[in-house]
Amino acid sequence: MTELPPEIVARLTRTARLLEPMAQLWEETTLLTDRQREAVDELTRRLADNYPYGDVRYIGQILKPPHPVAWISYAAASLINPNNHALDAGPATSAMEKEVVGDIAEMFGMPQHLGHLTSSGTIANLEALYVARELAPDTVVVSSQAAHYTHGRMSQLLGVTHETIPQDRLGKMDLDALEARLEGGGVGTIVATLGTTSLGALDPVDEIVTLARRYEARVHVDAAYGGFHTLLATTDPCVDPRPFHALPHVDSIVVDPHKHGLQPYGCGSILFSDPTVGRFFAHDSPYTYFTSSELHLGEISIECSRAGAAAAALWATLRALGLDRDGLGEVLSKGRQAAVMIADSVRGSETARLVAEPELDIVCTYAASGSTSEVSRRSESAFKRLQSLGWHVAKLQVNSEWLATADEALIVDSDQTTVLRCCVMKPEHLVVAEEFASTLVDALAPSGSCI
Ligand SMILES: *Cc1c(COP(=O)(O)O)cnc(C)c1O
């Protein structure tokens, strides 16, 4: 069992107790029975079984606690518990949802849009592929080998043929392979990923849009992870601006505020560039849409009930920080800078290698060694060594042949190779980037394996 530090668990227990008197809005105060309080206490004890996602030394998966403004806002709104399905179930939070979705569309430079929040990136991508199917029935959806597995799965669910385009050595969709497939005919939709979940790689959306126009395919961009990095594609960019600047020309975009928008889970979003696709969601509900002729969000969404609190939290967060380079962008730029620093240290070391140059804030590394099976062993021991020092990183399986194409000295003696994956997505990571990088490089060195 993983264990949060005892002082953190104690703080969580105290926090839950402090919340008790405030837990209802229609009562002056709340008093739990002993049995109820014991249940909450038991909960906080059981929550000890978690990795310390909020700790600066947690550099593992795409996980971090929400911004305080998001958490307070979510908690406050959930005392009312509005439902953004219909306007009579949550007028205030439905209005907030339309505002934040408008702000996100503006961030991407979309000239017009139709969109809404979703419970997750998965549902948002499902809606994008559903609309793709309705607009171009009996055509194929293609996504890169490095795209999220959800595209294959959701295509299956929708009864749509899905094909995979190989990735290049940087983890991006291979454009030659894409063009060859487009020439073959029958492709209706290209899914481009901005920020792959494994490496944080950016598919060349600009070039994909050009190809898509030539072959009359639609472009859906899965920017669940990297969409908010658009804020860094400015005049002094710290990410490659080209794929982001093509976003005004794509057909749909998914971005997850619960990944890089500082939100608690339960907040994805989908935006379509053609507002008339709302017709594919048309339905009649005898018991839902009474209060106004204005748009009810449930009328353009596959999901019915959805937390109005999620919209409230995102709305307040964006208002507090600003959805611009100096606001949320500044938060993201710290992680990006930390990734660049870590990559510089790895590149400058004798003992570690980069799987690919990081494009956002995910850095994947491995030990410089003779064979892929040795690389995997060294990743395992470095993972444990880092853990013993209080650092949490993640492991990633990559295809060994693919890894070796950029490392001539590497002998391929296994199908897959384990490498280390570091998500430096908290701004505090910038403060510890140098210390972490030297610890990482040491852990990957041959002596680091002798523990
Ligand atoms: C996380 C992610 C998804 C899935 O989104 P959920 O919010 O986890 O459902 C899809 N695509 C990409 C690129 C992602 O990073």
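Packed helices, taken two at a time, are described by the angle between their axes plus the distance between the axes. Two elements in contact, helix α5 (residues 121-135) and helix α6 (residues 150-158), have axes separated by 10 Å at closest approach and are oriented at 50°. With respect to their mutual orientation, α5 and α6 come out oblique. Both α5 and α6 take part in a crossing whose hand is right-handed. Together, Thr-122, Asn-125, Leu-126, Leu-129, Tyr-130 and Arg-133 of α5 and Thr-150, His-151, Met-154, Ser-155, Leu-157 and Leu-158 of α6 make up the contact between the two elements. Considered class by class, the residues forming the contact of α5 with α6 number six nonpolar, five polar and one charged.

Remark: helix α13 (residues 372-388) packs on helix α15 (residues 429-444), axes separated minimally by 8 Å, with the N-to-C direction vectors making an angle of 135°. Between α13 and α15, the crossing angle belongs to the class labelled oblique. Considering how the two elements wind past one another, α13 and α15 form a crossing that is right-handed. Residues Arg-378, Ala-382, Arg-385 and Leu-386 of α13 touch α15, and the partners they reach there are Thr-439, Leu-440, Ala-443 and Leu-444. Of the residues contributing to the contact of α13 with α15, the split by class is five nonpolar, one polar and two charged.

The mixed open sheet is built from seven strands, whose spatial order is β1-β7-β6-β5-β4-β2-β3. The open sheet has two free edges, formed respectively by β1 (114-118) and β3 (162-165), since each of these has just one partner strand. Across this sheet, the average inter-strand angle for adjacent strands is 20°, counted without regard to direction. In the sheet, strand β2 (residues 140-144) pairs with β3 via four bridges, with the strands oriented parallel. Across the sheet, Ser-144 pairs through a bridge with Ile-165, a residue of β3.

For the rest of this paragraph, the subject is the site of the ligand. As a matter of local geometry, the ligand sits amid 14 residues, with Gly-121, Thr-122, Asp-222, Asp-256 and Lys-259 nearest to it. In the environment of the ligand, an oxygen atom lies 2.5 Å from a nitrogen or oxygen atom belonging to the side chain of Thr-122. Here the ligand, which alone exposes 390 Å², has 88% of that area covered by the protein. Elements supplying a minimum of two residues to the shell around the ligand: α5 and α10 (257-260). Per-element accounting of the shell around the ligand gives the leading share, three residues, to α5. Here the shell around the ligand is built from residues that sort into two nonpolar, nine polar and three charged.

On to the pattern of salt bridges. Two side chains carrying opposite charge are able to pair once their charged atoms lie near each other. Scanning all chains against the criterion turns up 20 salt bridges. Residue Lys-172 is joined to Glu-359 by a salt bridge in which the shortest nitrogen-to-oxygen separation is 2.9 Å. Taken together, the residues span a long stretch of sequence, with Lys-172 in the loop between β3 and α7 (175-183) and Glu-359 in the loop between β8 (352-354) and β9 (362-367) at a distance of 187 residues. For the salt bridge of Arg-377 with Glu-374, the shortest nitrogen-to-oxygen distance reads 3.0 Å. Highlighted residues: Arg-377 and Glu-374, both in helix α13, separated by three residues, approximately one helical turn. When its relative accessible area of 52% is taken as the criterion, Arg-377 is described as exposed. The class of Glu-374 is partly exposed, set by a relative accessible area of 26%. Linked by salt bridges that have partners in common, Glu-20, Asp-34 and Arg-37 make up one network.

A separate point is the environment of Leu-170. Position of Leu-170 among the secondary structure elements: in the loop between β3 and α7. Distance in space between the C-alpha atoms of Leu-170 and Ala-356 is 5.6 Å, their sequence separation being 186 residues.

Before going further, it helps to examine α5. Helix length check: α5 (15 residues) gives 21 Å between terminal C-alpha atoms against 21 Å at 1.5 Å per residue, within 8%. Three or more residues of α5 are buried, namely Gly-121, Ala-124, Asn-125, Leu-126, Glu-127, Ala-128, Leu-129, Tyr-130, Val-131 and Ala-132. Sitting at the amino-terminal end of α5 is Ser-120, which places a side-chain oxygen 3.3 Å from the backbone nitrogen of Thr-122.

What follows covers helix α11 (residues 308-321). In a regular helix each residue adds 1.5 Å, so 14 residues correspond to 20 Å; α11 covers 20 Å between its end C-alpha atoms and thus fits that length. Those residues of α11 that fall on the buried side of the exposure criterion are Gly-308, Ala-309, Ala-310, Ala-311, Ala-312, Ala-313, Leu-314, Ala-316, Thr-317 and Leu-318. On its buried side, α11 packs onto α3 (68-78), α4 (91-108), β1 and α10. Phi turns positive one or two residues past the end of α11, at Gly-322, with a value near 95°.

Each value, and the rule that gives it
- Residues numbered from 1 in each chain as written.
- Predicted model: local features only at pLDDT ≥ 70, side-chain atom pairs only at ≥ 80, totals over all residues.
- Heavy atoms only, no water.
- Axes fitted to C-alpha atoms, helices over the stretch in contact; angles between N-to-C directions.
- Helix = DSSP H or I, 4+ residues; strand = E, 2+ residues; numbered from the N terminus.
- Parallel < 35°, antiparallel > 145°, perpendicular 65-115°, else oblique.
- Left-handed = near helix turned anticlockwise from the far one by under 90°.
- Contact = heavy atoms within 4.5 Å.
- Nonpolar A, V, L, I, M, F, W, Y, C, P; charged D, E, K, R; others polar.
- Pairing = 2+ DSSP bridges.
- Near = heavy atom within 4 Å.
- Polar contact = N/O pair within 3.5 Å; in protein donor to acceptor, adjacent residues only side chain to side chain.
- Areas by Shrake-Rupley, 256 points an atom, 1.4 Å probe, with all protein chains shown as cover.
- Salt bridge = Lys/Arg side-chain N within 4 Å of Asp/Glu carboxyl O.
- Buried < 20%, exposed > 50% of the residue type's maximum accessible area, 1.4 Å probe, protein only.
- Expected span 1.5 Å × (residues − 1).

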